[in-house]
Amino acid sequence: MNEIDQIPKKHLLSLQLDVSKFEPASAEEKEQHSQMREPSTFFKDGMKKLFKNPLAVGSLIVLLLMVITIVFAPMIVPYGYEEMITVGGVRDKTAKNMPPMQFSELEQQAIANGEEIFPHIFGTDALCRDYFIRVVYGARVSLSVGLFASLIVLMIGLVYGSVSGYVGGRTDLVMMRIVDIIYSLPDLLMVILLSVVLDPLLKDAIAHTSLEKIGTNMISLFIVFGLLYWVSMARLVRGQILSIKKNEYVLAARALGAKPVRIVKKHVLPNCISVIFISTALQIPNAIFTESFLSFIGLGVQAPMPSLGSLANAARQGLESYPYKLVFPAVAICLIVLAFNLLGDGLRDAFDPKLRK
Amino acid sequence: MWKYILKRLGLAVVTVFIIITLTFFSMNAIPGGPFEKEKAPDPAVRAVLEERFHLNKPVGVQFLYYIADLFQGDFGISLKTGRDIMQTLTESFAVSARLGGVAALSALVVGLVLGSIAALRRNGVFDRVIIFFTTLFVSVPSFVLATILLLTFCLKLNWFQVWSATGQQNYFLPILALALYPMSYITRLTKSSMLDVLGQDYIRTARSKGVAESKVIYKHALRNALIPVITYMGPMVAYILTGSLVVETVFTIGGLGSKFVTGITNRDYPMIMATTIFLAVLMVIATLISDLIYKLVDPKISFD
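Here the residue numbers are simple positions, counted from 1 along each chain's written sequence. As they are written, the chains are lettered A onward and the ligands numbered 1 onward, keeping that order. Confidence filtering applies because this is a predicted model: local features only for residues at pLDDT of at least 70, side-chain atom pairs given and counted only at 80 or more, and all residues used for totals across whole chains, interfaces and linings. With hydrogens and water set aside, each side-chain value is computed from the structure's full complement of heavy atoms.

1. A few points about the overall build of chain A
Secondary structure assignment for chain A yields 13 helices and two strands. Each residue's exposure class comes from its accessible area (1.4 Å probe, protein chains only) as a fraction of the maximum for that residue type: buried when under 20%, exposed when over 50%, partly exposed otherwise. Within chain A, the fraction of its 357 residues that count as buried is 45%. In these tables, accessible area is a Shrake-Rupley quantity obtained with a 1.4 Å probe, and a residue counts as shielded only by the protein chains included in the view. Summed over its atoms, the accessible surface of chain A is roughly 20,100 Å², and 63% of this surface lies on carbon and sulfur atoms. Secondary structure counts use DSSP, requiring at least four H or I residues in a row for a helix and at least two E residues in a row for a strand, with both numbered from the N terminus.

2. Structural notes on the overall build of chain B
Looking only at helices and strands, chain B features eleven helices and zero strands. Along chain B, helices and strands appear, N-terminal first, in the series α-α-α-α-α-α-α-α-α-α-α. Taking 19 Å as the expected radius of gyration for a compact globule of 304 residues, we find that chain B reaches 24 Å, considerably beyond that expectation. Its C-alpha atoms give chain B principal-axis dimensions of roughly 85 × 55 × 25 Å. Total accessible area on chain B stands at roughly 15,800 Å², and carbon and sulfur atoms take up 65% of it. Seen as two clouds, the 27 positive and the 18 negative side-chain charges of chain B have centres 13 Å apart. With the radius of gyration taken over C-alpha atoms, the globule rule is written as 2.2 Å times the number of residues to the power 0.38. Note on charges: Lys and Arg go in the positive column, Asp and Glu in the negative column, and His and the chain ends are not counted at all. Taken as the charge location is NZ of Lys, CZ of Arg, CG of Asp or CD of Glu.

3. Here we look at the packing of helix H6 (residues 169-184) of chain A against helix H8 (residues 216-245) of chain A
Residue and element names in this part refer to chain A. Where H6 meets H8, the axes come as close as 9 Å, and the angle between the chain directions of the two elements is 135°. With respect to each other, H6 and H8 are oriented oblique. The interaxial crossing formed by H6 with H8 has left-handed handedness. Residues Asp172, Met176, Val179, Asp180, Ile182 and Tyr183 of H6 form the contact with H8, whose own contacting residues are Leu227, Leu228, Trp230, Val231, Ser232, Arg235 and Arg238. Nonpolar residues are Ala, Val, Leu, Ile, Met, Phe, Trp, Tyr, Cys and Pro. Charged residues are Asp, Glu, Lys and Arg, and all others, Gly as well, are polar. Taken together, the residues that form the contact of H6 with H8 break down as eight nonpolar, one polar and four charged. Whenever a helix is involved, its axis is fitted only over the stretch in contact; in every case the axis is a line through C-alpha atoms, and angles between N-to-C directions fall within 0 to 180 degrees. Each angle receives one of four descriptions, namely roughly parallel if under 35 degrees, roughly antiparallel if over 145, roughly perpendicular if within 65 to 115, and oblique otherwise. Here is the rule for handedness: rotate from the far helix to the near one, and if that takes an anticlockwise turn smaller than a right angle the crossing is left-handed, while a clockwise turn gives right-handed. In this description, contact between two residues means that some pair of their heavy atoms is separated by no more than 4.5 Å.

4. Details of the domain arrangement of chain A
As a measure of interface size, the accessible area lost when the parts come together is often cited. All names here are of chain A. For every domain, the bounds stem from an assignment made automatically or drawn from a database. Once the domains are mapped, chain A shows domain 1 (78-129) and domain 2 (134-355). Each of domain 1 and domain 2 has a C-alpha centre, and these two points are 39 Å apart. At the interface, eleven residues of domain 1 touch eleven residues of domain 2. The term buried area means the drop in 1.4 Å probe accessible area that two parts suffer when joined, counted for both and summed. Between domain 1 and domain 2, the buried area comes to about 990 Å², and carbon and sulfur atoms account for 66% of it. It is Tyr81, Asn97 and Phe122 in domain 1 that bury the most area against domain 2; as a group they hold 65% of the surface buried on that side. Whenever a carboxyl oxygen of Asp or Glu lies within 4 Å of a side-chain nitrogen of Lys or Arg, that contact is scored as a salt bridge. Viewed at the interface, domain 2 and domain 1 are joined by zero salt bridges. By the criterion applied in these results, polar contacts are pairs of N or O atoms within 3.5 Å in which, for protein atoms, one can donate a hydrogen and the other can accept it, and in which residues neighboring in sequence qualify only through two side-chain atoms. Taken together, the links from domain 1 to domain 2 amount to zero residue pairs in polar contact (both at pLDDT 80 or more).

5. Considering empty space enclosed by the protein
Residues and elements named next belong to chain B. Cavity means a closed set of points on a 1 Å grid over the protein atoms alone, one where a 1.4 Å probe fits but cannot get out, pocket means an open set with protein on both sides within 12 Å along at least 5 of 7 lines, and lining means a residue has an atom within 4 Å of a point. Grid points are joined across faces, edges and corners, and a volume is the space filled by probe spheres set on the points. Inspection of every chain in the model, using the stated rule, returns two cavities of 30 Å³ or more. Around the second largest cavity, the lining residues are Phe93, Ser96, Leu241, Ser244, Leu256, Gly257 and Leu279. For the lining of the second largest cavity, the secondary-structure elements that each account for two or more residues are helix H4 (85-120), helix H9 (213-250) and helix H10 (256-266). Considering only residue class, the lining of the second largest cavity consists of four nonpolar, three polar and no charged.

6. Some words on the nonpolar core
The biggest cluster of nonpolar side chains holds 169 residues, and the ones touching the most others in it are Ile192 of chain A together with Phe251 of chain B. At 15 residues, helix H5 (residues 131-167) of chain A tops the list of elements feeding residues into this core. Grouping buried Ala, Val, Leu, Ile, Met, Phe, Trp, Tyr and Cys residues that are joined through side-chain atoms within 4.5 Å yields what is termed a nonpolar core. In this structure, Ile203, Val216, Ala221 and Leu222 of chain B belong to the second largest nonpolar core, which totals eleven residues.

7. Some remarks on the domain arrangement of chain B
Residues and elements named next belong to chain B. The assigned domain composition of chain B is domain 1 (2-71) and domain 2 (86-297). Interface area for domain 1 against domain 2, summed over the two sides, is near 1,300 Å², with a carbon-plus-sulfur share of 86%. By the criterion of area lost to domain 2, the three top residues of domain 1 are Tyr4, Arg8 and Met27, representing 37% of everything that side buries. At the surface where domain 1 touches domain 2, the tally comes to one salt bridge. A salt bridge links aspartate 291 to arginine 8, with the nearest nitrogen and oxygen atoms 2.8 Å apart. Summed over the shared surface of domain 1 and domain 2, the number is one residue pair in polar contact (both at pLDDT 80 or more).

8. Thoughts on the interface of chain A and chain B
Facing 37 residues of chain A, the contacting portion of chain B comprises 46 residues. Joining chain A to chain B, the criterion identifies one salt bridge. For aspartate 345 of chain A, the salt bridge identified is with arginine 188 of chain B, shortest N-O distance 3.8 Å. At the boundary of chain A and chain B, one finds two residue pairs in polar contact (both at pLDDT 80 or more). Elements with a contribution of two residues or more to the side of chain A that touches chain B: H6, helix H7 (187-205), helix H11 (273-296), helix H12 (308-314) and helix H13 (324-351) of chain A.

9. As for the confidence of the model for chain B
If pLDDT is low for a region, its predicted coordinates should not be looked at in detail. The predictor reports its confidence for every residue as pLDDT, a score running from 0 up to 100. Per-chain confidence: chain B averages 83 in pLDDT, with 92% of residues scoring 70 or above. The secondary-structure element of chain B with the lowest mean pLDDT is helix H2 (residues 43-52) of chain B, recorded at 76, while helix H8 (residues 201-208) of chain B shows the highest, at 90.

10. Examining the packing of aromatic side chains
Paired rings are identified among Phe, Tyr and Trp, the last through its six-membered ring, by centres lying within 6.5 Å, and are further divided according to the angle between planes into stacked (under 30 degrees), edge-to-face (over 60) and tilted (the rest). On inspection of all chains with the given rule, the structure shows 16 aromatic pairs over all chains. Both rings, one in tyrosine 160 of chain A and one in tryptophan 230 of chain A, keep their centres 4.6 Å apart while their planes meet at 50°; by these two values the pair is tilted. Note that tyrosine 160 of chain A is positioned in helix H5 and tryptophan 230 of chain A in helix H8, a separation of 70 residues in sequence. For the pair shown, tyrosine 160 of chain A and tryptophan 230 of chain A are each scored as buried. Seen from their ring centres, phenylalanine 24 of chain B and tyrosine 66 of chain B are 5.3 Å apart, and the 40° between their planes marks the pair as tilted.

11. Description of the pattern of salt bridges
The tally for this structure, following the rule as stated, stands at ten salt bridges over all chains. Here glutamate 91 of chain B ties to arginine 83 of chain B by a salt bridge, and the two come within 3.4 Å at their closest N and O atoms. Via salt bridges that share partners, Arg177, Asp180 and Arg235 of chain A belong to a single interconnected network.

12. A closer look at a negative patch on the surface
Each patch is assembled from residues with relative accessible area greater than 30% and no salt bridge, linking like charges that lie within 9 Å and nonpolar side chains (Val, Leu, Ile, Met, Phe, Trp, Tyr) that lie within 5 Å. Taken together, Glu23, Glu28, Glu29 and Glu31 of chain A make up a surface patch of like negative charges. Here glutamate 31 of chain A lies in helix H1 (residues 27-34).

This is the structure:
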């Protein structure tokens, strides 16, 4: 041992470490230490965390199953959502309000004659239509409304928030005052008001166009989402941009002469994409809630087209005799919203634990 | 503080004004007037009527008249029933206010208690049960909940009579349908903010000084955990007011909500206008009050 390694005798109260109690690392331990972790990106890390969360995985599976059902069920089930059931080309008026998995008299005769008839999984409604396919189409409408509305919110909020946050100064002040005012409007009431008003206004404008089938109420719902619901997204984006704007790499990009649009697109937005992604996912159940609420009070999709809300509303007639007509769309709405909520929570925990309230 | 109150009041006044303007002009944009029916009145009668209701004036002047009438509490008359809307509003709001008030209060009390218990017995059986049910209930739309409650407890189990204006008036189920969502939300909110507060240094200090556990929880933890809950008061009032639209319709209670929905189905425009403005002003006031209380209890928060 060298002279230097000799350590003076430890005093009773001294905090000095006793080197003799340490031993050199073995080769194996050194190996373990130098081993590198496989390179991983932010996205991969987040996904790994997400797939460790059983609730999030479960809801992802539920949503996937639902999407598969609503895409493929109309191809397999031989009934239309607005057609009366027909047996051998004759309208079957006996197939009214049947309980699940039952056949009408005419159909039973046809089966006795050796015909194959697809079962009515959820029964039929008061107008002799297959209820399963109506619920499937209802879920289709509700899900696509949720997705589209969230996309509209995302687009407007992203552009508005980026401009406001990046430009700053007086522009920011004015833009944020507008957001404040829209934010303080009671949104659901305004949705109702605008749906009532836009209905007669739009009716003539969209007559005989491809939009007619969607109905004025759906279009006004999208307009309202475009007008009112983007504000919280705009606030979020602005906040993110304000904090990222101060980073050195933005300064460097500016010094190199990059244009503001390029800086926002290439340097700022990619750094807040996870937060934006998560709040878009959380917006979807919100939009589905609003759509089903409007359909329930009679401001939803146009008549033959079903949505989960309007099916639940229609089921209130004869609730005592045919409770299953309420149960199916109700369970579908709850499952969709629950799955999106849990998935959103999972995404938030995986990608941005700071967001957790 | 005063500056903040004034600023907040100013925003509320602007919001109310915008709501009234938006309602008035959008309703005006609907094509068709009161005299475009099959039986058009005599031109002389029509002129008198137009003069009386200021319909011969430009829209801007009509708007001013409308605002002046609003300030005198005159919402016009319903197209469908011909009754004075103000009277209908006050009568039906008395019913809705009782329903909504009890729902809000029970949501608040039960939510706070359950949330605190869940936070204090973290990861216990009780906590898990509470979190399971609250997660479930925030995913159930109010109309689904109301119809399912009606179906199970009124129609199938016969525990409660179906609500009727003259006979049985049991408020339990409608209140439950209105309160479950905000209750679950408050429970989750209280739990997370309680956990946040319980991890703070001053709680440890209080405990290490030997302060009784109940005092630590009531005096130190709960009071600070309440602050996020206060901010939810405004949204909760808005939720209960709009939730009452469907809950009252489902349970056929003649409150403000069901009057609004009937107005929408009948396209009774003056009624829709009046109810929208009335409910919107209530919501703006609720948000204003909850913001001011928030500022009052926590002076640390700055809003600029």
